[in-house]
Amino acid sequence: NDVSVTLNKDAGWWLVLIIWGDRYEDHHCNQLIESAYVHSSTIQGVVVLSDRSDRNIDDRASVVAIPADFNISEYKSGGYPIKICLFDIEAIPNDALCLYVDLDSAIISDLSELLRLPTKRKLWTIDVFPQRFSKLKRLVNRWTNGTTYQVGNSSAFLFRNQFDGNPTQQFRDLVAKK
């Protein structure tokens, strides 16, 4: 059921950020929001997932609570588990094109250029050294039914919100089986 999608630079997209705890401050979100709007004319909106409602975030963004099933201390350690919640955001239309960017990133040009990536996938991430998602590592993941996997870069994702089989949905399904 994978629908082939050709992304183009004129398509609208959503910026997704996530902030929890006190490692980063609100101004980190606000700098990224400002830069995204300055450089990208096709941005549709911004959602900031947060563990607190008292954030001082740019008015152009919607601050949305991190889902309760992810807003627990063990998922906040290291930053990977909590990020799994960002693929299923009720405040963003279903199947909307989203770009997640880490708070320690910088936006220095038009992010709409990323939308030119032709893809048949609903999720795209950066393949970086030294932690690559190689063919061998993906094969090992399949052989072990998902119990062995390589953690790769999680600084930027391009994805369709709430796509069938998204990582948020898969994680919740795995937790329910426990």
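Residues numbered from 1 in each chain as written. Predicted model: local features only at pLDDT ≥ 70, side-chain atom pairs only at ≥ 80, totals over all residues. Heavy atoms only, no water.

Describing the packing of aromatic side chains
For any pair of aromatic rings, the description rests on two quantities: the centre-to-centre distance and the angle between the ring planes. Counting across every chain of the model gives 6 aromatic pairs. Between Phe87 and Phe159 the ring centres are 4.8 Å apart and the planes differ by 65 degrees, which places this aromatic pair in the edge-to-face class. Of this pair, Phe87 sits in the loop between α3 (80-83) and β5 (97-101) while Phe159 sits in strand β8 (residues 156-160), and the two are 72 residues apart along the sequence. Arranged with centres 5.9 Å apart and planes meeting at 35 degrees, the rings of Tyr100 and Phe157 form a pair that is tilted. Taken together, the residues Tyr100 in strand β5 and Phe157 in strand β8 connect sequence positions 57 residues apart. Both residues of the pair, Tyr100 and Phe157, count as buried. Within the aromatic cluster, the residues linked to one another by ring pairs are Phe87, Tyr100, Phe157 and Phe159. (Phe/Tyr/Trp six-rings, centres within 6.5 Å; stacked < 30°, edge-to-face > 60°. Helix = DSSP H or I, 4+ residues; strand = E, 2+ residues; numbered from the N terminus. Buried < 20%, exposed > 50% of the residue type's maximum accessible area, 1.4 Å probe, protein only.)

Observations regarding the confidence of the model for the chain
Detailed reading of the predicted coordinates is not advisable wherever pLDDT falls low. Looking at the chain, pLDDT values average 83 and 80% of them are 70 or higher. Taken as a whole, residues 1-10 scores under 50 in pLDDT and shows 24 contacts with residues more than four places along the chain or in a different chain. (pLDDT = per-residue confidence, 0-100. Contact = heavy atoms within 4.5 Å.)

Section: the pairing of β8
Within β8, 5 of the 5 residues are buried, which leaves it mostly tucked inside the rest of the structure. As paired elements, β5 and β8 share 5 bridges and run antiparallel to each other. In the sheet register, Cys98 faces β8, and the bridge partner there is Phe159. Alignment of strand β7 (residues 123-125) against β8, held across 3 bridges, turns out to be antiparallel. Across the sheet, Trp124 pairs through a bridge with Leu158, a residue of β8. (Pairing = 2+ DSSP bridges.)

Some remarks on the pairing of β5
In summary, the side chains of a regular strand alternate between the two faces of the sheet. Burial within β5 is extensive, with 5 of its 5 residues counted as buried. Side chains Leu97, Leu99 and Val101 project from β5 onto one buried face, and the interleaved Cys98 and Tyr100 project onto a second face that is buried too. Of the pairings in the sheet, the one linking strand β2 (residues 13-19) to β5 comprises 3 bridges and is parallel in character. Counted as the bridge partner of Trp14 is Cys98 from β5.

Re the nonpolar core
Ranked by internal contacts, the top residues of the largest apolar core, which has 22 residues, are Trp13, Leu15, Leu17, Cys29, Ile33 and Val48. Elements that contribute at least two residues to this core include exactly β2, α1 (26-39), β3 (43-50) and β5. Excluding anything up to four places from it in sequence, Leu17 contacts Cys29, Leu32, Ile33, Val47, Val48, Leu49, Tyr100, Val101 and Leu103. (Core = buried A, V, L, I, M, F, W, Y, C linked by side-chain atoms within 4.5 Å.)

Some points on α1
Counted at 1.5 Å a residue, the expected span for α1 with its 14 residues is 20 Å, and the 20 Å between its end C-alpha atoms agrees. Every buried residue belonging to α1 is among Asp26, Cys29, Leu32, Ile33 and Ala36, and all of these are buried. For α1, the arc enclosing every buried residue in end-on projection is 130 degrees, short of the 170-degree limit, so these residues lie on one face. Those residues of α1 that are buried are in contact with β2, β3 and β4 (61-65). (Expected span 1.5 Å × (residues − 1). Arc of directions from axis to C-beta.)

Observations regarding the environment of Arg121
Summarising the element assignment, Arg121 is placed in the loop between β6 (118-119) and β7. In this structure the C-alpha to C-alpha distance between Arg121 and Arg160, which are 39 residues apart in sequence, comes to 8.9 Å.

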